[in-house]
Amino acid sequence: MIKIAVASGKGGTGKTTIATSLMQTAPKGNNLLLDCDVEAPNAHIALKPESLSTKPVHKLIPHVDRDLCTYCGKCAQECRFNAISVFNHKALAQQNILVFPNLCHGCGVCSAVCPEKAITEIKHQIGTIYHGKLPGGGNFANGELKIGSALATPIIENLKKKFLSEPWDTVILDSPPGASCAVVETIKNTDFVILVTEPTPFGLHDLLIAIQLVKNMGIKAGIVINRDGIGNVDLEKISKEQTLPILMRIPMKKEIAQHLANGESLVDAFPEYTEKFNQLHSKISQLVTIGESS
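This is a predicted model, so every value here is computed, not measured.

(A) Molecular detail of the overall build of the protein chain. Counting its regular elements, the protein chain contains 11 helices and 11 strands. Expressed along its principal axes, the backbone C-alpha trace of the protein chain runs to roughly 75 × 45 × 40 Å. Expressed as a percentage of the 294 residues in the protein chain, the buried residues total 47%. Relative to all contacts within the protein chain whose residues are 6 or more apart in sequence, the contacts with residues 24 or more apart total 72%. Here the protein chain carries 29 positive and 28 negative side-chain charges, and the mean point of each set is 3 Å from the other.

(B) Representation of the sheet that holds strand β9 (residues 192–197) within the structure. Judged by pairing direction, the sheet is mixed, and its 9 strands sit side by side in the order β3-β6-β7-β2-β8-β1-β9-β10-β11 without closing on themselves. Strands at the two margins of the open sheet, each flanked by one partner only, are β3 (50–64) and β11 (246–251). Strand-to-strand, the axes of this sheet are offset by a mean angle of 20°, without reference to chain direction. When strand β1 (residues 2–7) meets strand β8 (residues 170–174), the two strands line up parallel, connected through 5 bridges. Bridge pairing in β8 places Ala 5 opposite Leu 173. Its contacts with the sheet put helix α7 (residues 201–217) on β9 and β10 (221–228), and the angle it makes with β9 is roughly 170°.

The rules behind the values
- Residues numbered from 1 in each chain as written.
- Predicted model: local features only at pLDDT ≥ 70, side-chain atom pairs only at ≥ 80, totals over all residues.
- Heavy atoms only, no water.
- Helix = DSSP H or I, 4+ residues; strand = E, 2+ residues; numbered from the N terminus.
- Buried < 20%, exposed > 50% of the residue type's maximum accessible area, 1.4 Å probe, protein only.
- Contact = heavy atoms within 4.5 Å.
- Lys, Arg positive; Asp, Glu negative; His and termini not counted.
- Charge placed at Lys NZ, Arg CZ, Asp CG, Glu CD.
- Pairing = 2+ DSSP bridges.
- Axes fitted to C-alpha atoms, helices over the stretch in contact; angles between N-to-C directions.

Here it is as structure tokens:
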């Protein structure tokens, strides 16, 4: 199995364009695309998966039995995330305990420290996982954060745990933008990260952040330049300074933008890119193999 993550320092660089095209051109076999951008999943628009099944994602949150609670406050003292608060105003004879599900990380410390065993844990849905087959072959899955929920990482963890235990040949992971915990969870334990960028000052600034992230995590990486020609940043120089290869360039063309805006994949709209993505797969396989043998 080879696991390739597609990431970027900023949003809107074309990660999903690259991820979906990689999936469509992956060597024949038992392949999977995971859309891990759970706050704004959109790979399904281009890939059009069929017969989607759904599975809810839950986290455990505290439930307080007020008949047992003495409002001692130990749960609130131990909660690192301020997800539970206790108000015990003896002079006014007012007592209350509040749980904030969006702040809760489901660690269970509140129930563990409660001397009265007044706190148990209940399921709270934070999102949904979708899974289906692709018309051209292969599998597709994505997570979607429930509106009002705050934590994307548990959904990505569930998505990877559910699917990466199977014997896939190629797995493409479409990462969220940036360098947050959700990105770290997505690219963790992958074999290679494609960093998609554009030759603009903003693109360069966020690319350098993403490069530092993958280097800190010890993951091999390379650069794909999208909208090549739109700016004046010398990414060749950056590539040499950071010792990361430029794997591919996609020019800034109005007709490409028009087809992508209509929900088409790049290789469907422009079949000549099929061979270019085949070459991209070969380059990545070679770089991963070199890393394994060194």
